[in-house]
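Chain and residue survey
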Amino acid sequence: MTLHIQSQVSLKPFNSFGVEVKAQLFAQAHSDDEVREALAYCADRQLPLLVIGGGSNLLLTADIQALVLRMASRGIRLLSDDGQRVVVEAEAGETWHPFVQWTLEQGLSGLENLSLIPGTVGAAPMQNIGAYGVEIKDVFAGLTALDRQTGELRDFDLAQCQFAYRDSLFKHQAGRWLILRVRFALNRVDHLHLEYGPVRQRLSEQGIEQPTASDVSRAICSIRSEKLPDPAELGNAGSFFKNPVVSALLAAQIKASHPGVVGYPLADGQVKLAAGWLIEQAGWKGFREADAGVHRLQSLVLVNYGAATGLQLLALAQRIQRDIFERFGVELEMEPNLY
Ligand code: FAD
Ligand code: NAP
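Residues numbered from 1 in each chain as written. Chains lettered and ligands numbered in written order. Predicted model: local features only at pLDDT ≥ 70, side-chain atom pairs only at ≥ 80, totals over all residues. Heavy atoms only, no water.

Details of the domain arrangement of the chain
Reports often express the size of an interface as the amount of accessible area lost when the parts come together. Partitioning the chain into structural domains gives domain 1 (6-71), domain 2 (76-227) and domain 3 (235-338). Each partner contributes residues to the interface: domain 1 has eleven residues there, and domain 2 has 14 residues. Regarding the contact of domain 1 and domain 2, the summed buried area is about 1000 Å², with carbon and sulfur atoms giving 59% of it. For domain 1, the biggest contributors to the area lost against domain 2 are Asp32, Arg36 and Met71; these three give 43% of the whole. Between the two partners, domain 1 and domain 2, sit one salt bridge. Notably, a salt bridge pairs arginine 181 with aspartate 32, separated by 2.6 Å at the nearest N-O pair. For the pair domain 1 and domain 2, the interface holds four residue pairs in polar contact (both at pLDDT 80 or more). (Domains from an automatic or database assignment. Contact = heavy atoms within 4.5 Å. Buried area = accessible area lost by both parts, 1.4 Å probe. Salt bridge = Lys/Arg side-chain N within 4 Å of Asp/Glu carboxyl O. Polar contact = N/O pair within 3.5 Å; in protein donor to acceptor, adjacent residues only side chain to side chain.)

See below:
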């Protein structure tokens, strides 16, 4: 047995909200074998198992009565290269942003808009991570997951993952699939996505008219660093709510009473509203009660000023949800995974 299992471990360093809860048992898996060991250990004792990566999309509301298994597997490899399209595979425990940097250093484009997203490679498909007009589904080439029900390995292609806006099959079948490694189809020739408002503008401010993928990555890192709190300094889980997708009728009604509402028409006729705008309009920006609050620059981000509990953060989120529904008739869905 190589898996090192500890009991009563504080999860504070393992969730970006910095919430203080304990794991009954805790271990880190560096390989497929250690993952299987953890599953066997739990099966023998009829103990639940909770897999985590970087803990940057979690809201922990109580001690976790389970074996918490943190994915710590490492490895990045080139699987194929036809001179233009390159398929790269990374282990689940690889940290996302250094992995993106590695691809850029190899001269590969595709992941630059997803720079500086916290977390691990293995969690990225869970909610089809997205930013600045690109989602993981746009560069996805497959993944390998372990079926926790049968112990079998299964490869998933793009269609099988059922990726949607901050959503996937894995989110719907939570607890069934343990993602071991993910493959990405990247390009030796840059196909850049600059259409997302601030990106082109930031590059222009820097005097860059013919950007490379690395230029785009640097621009996005600088925009993000200005707007988003660093979890190392102020606990948070990024956007706490998804942007709500509403009917064109409801969007028009909101626009009639609030002409400044920020919305983006979707191909299916519905409209994606900026949840951050709704929350700010309702006066929550900068709100603080005890140590739970709404960030002063970005109202989509709930923050922990130090000693907030998961339940306090959840209560604040629910107050915001009720208020937004009463004011605008819009239901906000939470993005982080609640335990
Ligand atoms: P965790 O929080 O550890 O886990 C998330 C979920 O995935 C849990 O349900 C967990 O059980 C499950 N899980 C984790 N690893 C595995 C695995 N190997 N197999 C199966 N299930 C697994 N998200 C975006 O989409 N776009 C952004 O721009 C963005 N910006 C952010 C900025 C900040 C400051 C923060 C704090 C968060 C941001 N996020 C963003 C959210 C978060 O970074 C992503 O969702 C990220 O992919 C979570 O990775 P993680 O390893 O931390 O996952
Ligand atoms: P922003 O640029 O202030 O824009 C506000 C919202 O409007 C965003 O949520 C975005 O939706 C939407 N939007 C802006 N331009 C758009 C366009 N051209 N087409 C369609 N939708 C557009 O957003 P921000 O809060 O600073 O975040 C920047 C990017 O990073 C966003 O993509 C955001 O999703 C991502 N991000 C995500 C998290 C997270 O935890 N999930 C945290 C921080 C940042 P989308 O969100 O759909 O892109």
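Some details on the site of ligand 2
Around ligand 2, the structure places 16 residues, and the nearest of them are Arg166, Lys227, Asn243, Lys272 and Gln298. Tyrosine 165 is positioned such that a nitrogen or oxygen atom in its side chain is 3.4 Å from an oxygen atom of ligand 2. Within the side chain of tyrosine 196, a nitrogen or oxygen atom sits 3.2 Å from a nitrogen atom of ligand 2. For ligand 2, the protein covers 78% of the area, taking 790 Å² as the surface of the free molecule. Those elements that provide at least two residues to the shell around ligand 2 are strand E8 (130-131), helix H6 (213-227) and strand E13 (235-239). (Near = heavy atom within 4 Å. Areas by Shrake-Rupley, 256 points an atom, 1.4 Å probe, with all protein chains shown as cover. Helix = DSSP H or I, 4+ residues; strand = E, 2+ residues; numbered from the N terminus.)

Considering the nonpolar core
General note: in soluble globular proteins, nonpolar side chains tend to be found buried as a group. Judged by nonpolar contacts, the single largest core of 48 residues is most densely connected at Leu11, Phe241, Ile320, Ile324 and Val330. No other element matches helix H9 (residues 310-328), which puts seven residues into this core. Counting contributing residues, this core receives three or more from each of domain 1 (6-71) and domain 3 (235-338). Excluding anything up to four places from it in sequence, valine 330 contacts Pro244, Val246, Leu250, Ile254, Leu273, Leu278, Ile324 and Phe325. Among the nonpolar cores identified, the runner-up in size contains 40 residues, and Val86, Val100, Leu108 and Ala219 belong to it. (Core = buried A, V, L, I, M, F, W, Y, C linked by side-chain atoms within 4.5 Å. Buried < 20%, exposed > 50% of the residue type's maximum accessible area, 1.4 Å probe, protein only.)

Re the pairing of strand E19 (residues 301-304)
Looking along a regular strand, one sees the side chains alternate between the two faces of the sheet. By the alternation rule, side chains of E19 split into Val301 and Val303 and Leu302 and Asn304, which are all buried. Pairing geometry for E13 and E19, over three bridges, is antiparallel. Counterpart to asparagine 236 in the pairing with E19 is valine 303. Examined bridge by bridge, strand E18 (residues 292-294) and E19 share three bridges and lie antiparallel to one another. (Pairing = 2+ DSSP bridges.)

Regarding empty space enclosed by the protein
Summed over the entire model, instances satisfying the criterion amount to one cavity of 30 Å³ or more. Here the largest cavity defines a volume of roughly 30 Å³. Looking at the lining of the largest cavity residue by residue, the classes come out as six nonpolar, no polar and no charged. (1 Å grid on protein atoms, 1.4 Å probe; cavity = no way out; pocket = protein on both sides within 12 Å on 5 of 7 lines; lining within 4 Å. Points joined across faces, edges and corners; volume = space filled by probe spheres on them. Nonpolar A, V, L, I, M, F, W, Y, C, P; charged D, E, K, R; others polar.)

Focus on the site of ligand 1
Residues in contact with ligand 1 amount to 36 residues; listed here are only the nearest, Val51, Gly53, Ser56, Thr120 and Tyr339. Within the backbone of asparagine 57, an N or O atom sits 2.8 Å from an oxygen atom of ligand 1. For ligand 1, an oxygen atom lies 2.7 Å from a polar atom in the side chain of tyrosine 339. Calculation on ligand 1 without its partners gives an accessible area of 980 Å², and the protein chains cover 94% of this total. Elements with a minimum of two residues in the shell around ligand 1: strand E3 (49-52), E8, strand E12 (177-187) and E13.

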